[in-house]
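Residue strings, one per chain:
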Amino acid sequence: MKGFAMLKIGEAGWIEKEKPVAGPYDAIVAPLALAPCTSDIHTVYEGAIGERSNLILGHEAIGRIVEIGKKVKDFKPGDRVVVPAITPEWRTLPVQLGVPAQHSEGMLTGWKFSNDKDGVFAEYFHVNDADMNLALLPDGITLEQAAMMPDMMTTGFHGAEMAQVQIGADVCVIGIGPVGLMAVAGAELRGAGRIFAVGSRPNCVALAREYGATDIINYKNGDIVAQVLDATKGLGVDHVIVAGGPPQTLAQAVDMVKPGGVIGNINYFGVGDTLPIPRLGWGCGMAHKSVHGGLCPGGRGRMERMISIVRHGRVDPGKLVTHRFTGLEGVEAGLALMKDKPADVIKPVALLE
Ligand code: NAD
Ligand code: ZN
């Protein structure tokens, strides 16, 4: 079968591989919609998780099941499914005792596609533990909306969850690409009062307002910490979600969050050995400011919740899609867009049906 792969750090291209085989609990899925991601760019072009050779890329897919293992109970060939980016091994002890996304076999190992096994940018891909990782896609949700569930929605919302956004509280979202836009929507869903969105591109700013931002801060107009402090009478905000930009954005989050405030980081820092925490901004270590950084939750239950949110009209993630390509080949053009990031791109999809 054909797949679009990381050949080595800095290089991606088409390769041929054997079609994957399903174990007893697994499924083989053919893609219906695929979404290239900024994380694929960190992986290939920044070598953020180290060297990989001929590893098929992609972790955001909607698909149709073509084969199931003998022990799969709830799915059958032909079913249309949402496939989460993160597919933990739910039958392992570490998953039972810890954070599923982290504890399949160690840090980040719930993240399998295009990390430790071939990803979804192929004619077929393998899904471990199908009953616990796949979710049936109901009628009435478009492929474009659905394609935002495996990563963009669950990640952005997790930023709001990790920042522990409280009803009526002030929130700042730093970075409003597709992930940050879903973080804005997540803060709104959790009942935030004022929501600052830090961004500059006109289409992202307009969409941030649609998803619930009340104030826009442009990082190109000077220090964003000063701008947020100015707007809050020097107090800062209760919660910050970091969803884009260089490591300095983490330091800015610490500086703009109130003492006792909470930061949720979903940014994937692609370069450098350490991350900055400003000493004074962190009260010399004593300001009760907490920083949580996490991988998006995956699994069937999480995807069913994403489906519920869309089905019941709470959030329309389809608005993120700015570019559409046809066929598997479309992932190459989509990835090129994520690499070059022209001003009008928020999220591309490749549609195979
Ligand atoms: P994106 O590049 O489309 O969006 C990031 C935004 O940040 C851009 O709009 C950019 O203009 C903006 N930005 C750049 N510098 C900035 C600055 N100094 N201050 C404020 N904003 C700045 O990326 P995305 O697809 O929205 O993803 C965001 C991040 O989340 C990426 O690092 C991605 O790899 C990561 N990610 C993490 C997870 C996870 O599970 N934690 C999942 C998916 C993506
Ligand atoms: Zn992604």
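Residues numbered from 1 in each chain as written. Chains lettered and ligands numbered in written order. Predicted model: local features only at pLDDT ≥ 70, side-chain atom pairs only at ≥ 80, totals over all residues. Heavy atoms only, no water.

S.K.: Sorry if this is basic, but what is going on with the layout of surface pockets here?
M.R.: If you roll a probe as big as a water molecule over the atoms, it shows you where there is empty space left. By volume, the second largest pocket is sized at about 180 Å³. Contributing to the lining of the second largest pocket are 13 residues, with Val99, Ala101, His158, Leu295 and Pro297 lying nearest its centre. Residue composition of the lining of the second largest pocket, grouped by class: 8 nonpolar, 5 polar and no charged. Counting contributing residues, the lining of the second largest pocket receives three or more from each of domain 1 (2–152 + 296–351) and domain 2 (153–293). (1 Å grid on protein atoms, 1.4 Å probe; cavity = no way out; pocket = protein on both sides within 12 Å on 5 of 7 lines; lining within 4 Å. Points joined across faces, edges and corners; volume = space filled by probe spheres on them. Nonpolar A, V, L, I, M, F, W, Y, C, P; charged D, E, K, R; others polar. Domains from an automatic or database assignment.)

S.K.: Help me understand the nonpolar core in this model?
M.R.: A general tendency of soluble globular proteins is for nonpolar side chains to be buried together. Formed by 53 residues in total, the largest nonpolar core has its most connected members in Met149, Ile176, Met182, Tyr211, Ile241 and Leu320. Those elements that provide at least two residues to this core are β3 (27–34), α4 (143–146), α5 (149–162), β9 (171–174), α6 (178–189), β10 (195–198), α7 (202–211) and α10 (300–311). If one sorts the elements of this core by residue count, α6 sits on top with 7 residues. Counting contributing residues, this core receives three or more from each of domain 1 (2–152 + 296–351) and domain 2 (153–293). (Core = buried A, V, L, I, M, F, W, Y, C linked by side-chain atoms within 4.5 Å. Buried < 20%, exposed > 50% of the residue type's maximum accessible area, 1.4 Å probe, protein only. Helix = DSSP H or I, 4+ residues; strand = E, 2+ residues; numbered from the N terminus.)

S.K.: Explain the packing of aromatic side chains here, please?
M.R.: Pairs of aromatic rings are described using the distance from one ring centre to the other and the angle between the two planes. Evaluated as defined, the whole model comprises 3 aromatic pairs. For the ring pair phenylalanine 4 and tryptophan 14, a centre distance of 5.0 Å and an interplane angle of 65° mean the geometry is edge-to-face. Pair noted here: phenylalanine 4 is in strand β1 (residues 2–8) and tryptophan 14 is in strand β2 (residues 11–16), with a separation of 10 residues, a long-range link. Residues phenylalanine 113 and phenylalanine 125 carry aromatic rings whose centres are separated by 5.8 Å and whose planes lie at 90° to one another, so their mutual orientation is edge-to-face. In this pair, phenylalanine 113 sits in the loop between α2 (93–97) and β7 (125–127) while phenylalanine 125 sits in strand β7, placing the two residues 12 residues apart along the sequence. Here the guanidinium or amino end of lysine 339 rests over the ring plane of tyrosine 45, the centre of that ring lying 4.5 Å away. (Phe/Tyr/Trp six-rings, centres within 6.5 Å; stacked < 30°, edge-to-face > 60°. Lys NZ or Arg CZ within 6 Å of the ring centre and 35° of its normal.)

S.K.: I'm lost on the environment of alanine 253 in this one. Help?
M.R.: As for its position among the elements, alanine 253 is in helix α9 (residues 248–256). The spacing of alanine 253 and leucine 34 is 219 residues in sequence and 32 Å in space, taken between C-alpha atoms. Setting aside chain neighbours within four positions, we find alanine 253 in contact with Ile174, Val240, Val242 and Ile263. (Contact = heavy atoms within 4.5 Å.)

S.K.: It is not clear to me how the site of ligand 1 should be interpreted in this structure. Could you clarify?
M.R.: Thr38, Ser39, Ile266, Asn267 and Lys341 are the nearest of the 25 residues found near ligand 1. Note that an oxygen atom of ligand 1 is positioned 3.1 Å from one of the side-chain N or O atoms of arginine 201. Cysteine 296 has a polar backbone atom sitting 2.9 Å from an oxygen atom of ligand 1. Here ligand 1, which alone exposes 860 Å², has 87% of that area covered by the protein. Going through the elements one at a time, α1 (38–45), α5 and α6 are the ones with two or more residues in the shell around ligand 1. Here the element with the most residues in the shell around ligand 1 is α1; it accounts for 3 residues. Here the shell around ligand 1 spans two domains, since at least three of its residues come from each of domain 1 (2–152 + 296–351) and domain 2 (153–293). (Near = heavy atom within 4 Å. Polar contact = N/O pair within 3.5 Å; in protein donor to acceptor, adjacent residues only side chain to side chain. Areas by Shrake-Rupley, 256 points an atom, 1.4 Å probe, with all protein chains shown as cover.)

S.K.: Explain the domain arrangement of the protein chain to me, please; I cannot follow it from the model alone.
M.R.: By convention, interface size is frequently given as the accessible area that disappears when the constituent parts associate. Considered domain by domain, the protein chain is made up of domain 1 (2–152 + 296–351) and domain 2 (153–293). Once you take the C-alpha centre of each, domain 1 and domain 2 turn out to be 26 Å apart. Across the contact, 32 residues belong to domain 1 and 22 residues belong to domain 2. Buried area between domain 1 and domain 2, summed over both chains or domains, comes out near 2200 Å², and the portion from carbon and sulfur atoms is 64%. Viewed at the interface, domain 2 and domain 1 are joined by 2 salt bridges. With its nearest N and O atoms 2.9 Å apart, the salt bridge here joins arginine 302 to glutamate 161. Applying the counting criterion to the domain 1 and domain 2 interface returns 15 residue pairs in polar contact (both at pLDDT 80 or more). Of the residues forming the side of domain 1 that touches domain 2, the biggest block, 5 residues, is contributed by α10. Considering only residue class, the side of domain 1 that touches domain 2 consists of 20 nonpolar, 4 polar and 8 charged. (Buried area = accessible area lost by both parts, 1.4 Å probe. Salt bridge = Lys/Arg side-chain N within 4 Å of Asp/Glu carboxyl O.)

S.K.: What should I look at first to understand the sheet that holds β9 in this one?
M.R.: Backbone-to-backbone hydrogen bonds pair the strands of a sheet. The strands run either parallel or antiparallel. The parallel open sheet is built from 6 strands, whose spatial order is β11-β10-β9-β12-β13-β14. Edge positions in the sheet fall to β11 (215–217) and β14 (290–293), since each of these pairs with one other strand and no more. Strand-to-strand twist in this sheet, taken as the mean axis angle between neighbours without regard to direction, amounts to 20°. The strands that α9 touches are β9, β12 (237–242), β13 (257–265) and β14; relative to β13, the one it contacts most, it runs at about 150°. (Pairing = 2+ DSSP bridges. Axes fitted to C-alpha atoms, helices over the stretch in contact; angles between N-to-C directions.)

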